[in-house]
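Read off the chains here:
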Amino acid sequence: MKIDAQFKKVSYTQFAEYGDKQTYMDINLPKRATKLSAGYDFFAPSDMVLDAGQTVTAATGIRAEMPDGFFLMIVPRSGLGFKYKLRLNNTVGIIDADYKDAPNEGHIFIRMTNESDKSLEIKKGEAFAQGIFLQYCTTADDRVTEQRSGGLGSTTKKI
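Residues numbered from 1 in each chain as written. Predicted model: local features only at pLDDT ≥ 70, side-chain atom pairs only at ≥ 80, totals over all residues. Heavy atoms only, no water.

## A closer look at the overall build of the chain
On a plain count of helices and strands, the chain comes out with 3 helices and 11 strands. Computed over C-alpha atoms, the radius of gyration of the chain comes to 16 Å, within 12% of the 15 Å expected from 2.2 N^0.38 for 159 residues, which places it in the range of a compact globule. The principal-axis extents of the C-alpha atoms in the chain amount to approximately 50 × 35 × 30 Å. Residues classed as buried in the chain amount to 40% of the 159 residues present. (Helix = DSSP H or I, 4+ residues; strand = E, 2+ residues; numbered from the N terminus. Rg over C-alpha atoms; globule rule 2.2 N^0.38 Å. Buried < 20%, exposed > 50% of the residue type's maximum accessible area, 1.4 Å probe, protein only.)

Printed below as a string of structure tokens:
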């Protein structure tokens, strides 16, 4: 099933504090590796080294646009989970459809920890996480009218 969703870069203004103009220009939009892949691979915008037990945050420079009723789930690439016990610090990233309207333009950050006893090197341009678009349901008595008021963690803040 195809949905009207797409990945875009955030503006350079939103990315500038995390990397220079060349890093921004080199950002690859997420894509699937094969015809039947469920996940869209996210690629490292720069080299990252995670020593054993270390945590890093990747500013991807990416935003996701999707229809209402969908969200983007972010998880580590399974091979990195097996080999390095790489995990996301929020266990699973959930990108809501209205996150694109946040003041940070919906900039997706991926915070991860290497829980293995060996160093993990992720080169610029290598896939390290994947995003999967999923549809969700709401209850018959759902009457939410609040709108997003900010970026990360803002769904508990009302406007």
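The structure having been displayed, the exposition proceeds.
## A short note on the sheet that holds strand S8 (residues 93–96)
Taking strand neighbours across the sheet as the criterion, the 4 strands line up as S2-S11-S6-S8 in an open arrangement whose pairing is antiparallel. Every interior strand has two partners, whereas the edge strands, strand S2 (40–43) and S8, have only one. Taking the axes of each pair of neighbouring strands and ignoring which way they run, one obtains an average angle of 30° across the sheet. Here S2 runs beside strand S11 (residues 127–135); their pairing, made up of 4 bridges, is antiparallel. Bridged to Phe-42 within S11 is Ala-129. (Pairing = 2+ DSSP bridges. Axes fitted to C-alpha atoms, helices over the stretch in contact; angles between N-to-C directions.)

## Some points on unusual backbone geometry
Phi angles above zero are rare outside glycine, and Lys-85 is one such case at about 50°. Here Lys-85 shows up in the loop between helix H3 (78–84) and strand S7 (86–88). The exposure class assigned to Lys-85 is exposed, which follows from its relative accessible area of 52%. Even without being a glycine, Glu-105 presents a positive backbone phi close to 65°. With respect to the helices and strands, the residue Glu-105 is situated in the loop between S8 and strand S9 (109–114). Glu-105 gets classed as partly exposed once you look at its relative accessible area, which sits at 22%.

## Section: the pairing of strand S6 (residues 70–76)
The buried fraction of S6 amounts to 6 of the 7 residues, a majority that puts the element mostly inside the structure. In this sheet, S11 lies alongside S6 in antiparallel orientation, the contact comprising 7 bridges. For Val-75, the partnering residue across the bridge sits in S11 and is Gln-130. With 4 bridges connecting them, S6 and S8 associate as antiparallel partners. Residue pairing in the sheet places Ile-74 in a bridge with Gly-93 of S8.

## Remarks on the pairing of S9
Sheet topology note: the strand S4 (residues 55–59)/S9 ladder contains 5 bridges and is antiparallel. Opposite Ala-59, over in S9, you have Phe-109 as the bridge partner. Strand direction decides the pairing type here: S7 and S9, joined by 3 bridges, are antiparallel. From the neighbouring strand, Arg-87 faces S9, where its bridge partner is Thr-113.

## A word on the sheet that holds S9
Within the open sheet, the 3 strands sit side by side as S4-S9-S7. Their pairing is antiparallel. Single-partner strands in this sheet number two, and they are S4 and S7. Strand-to-strand twist in this sheet, taken as the mean axis angle between neighbours without regard to direction, amounts to 30°.

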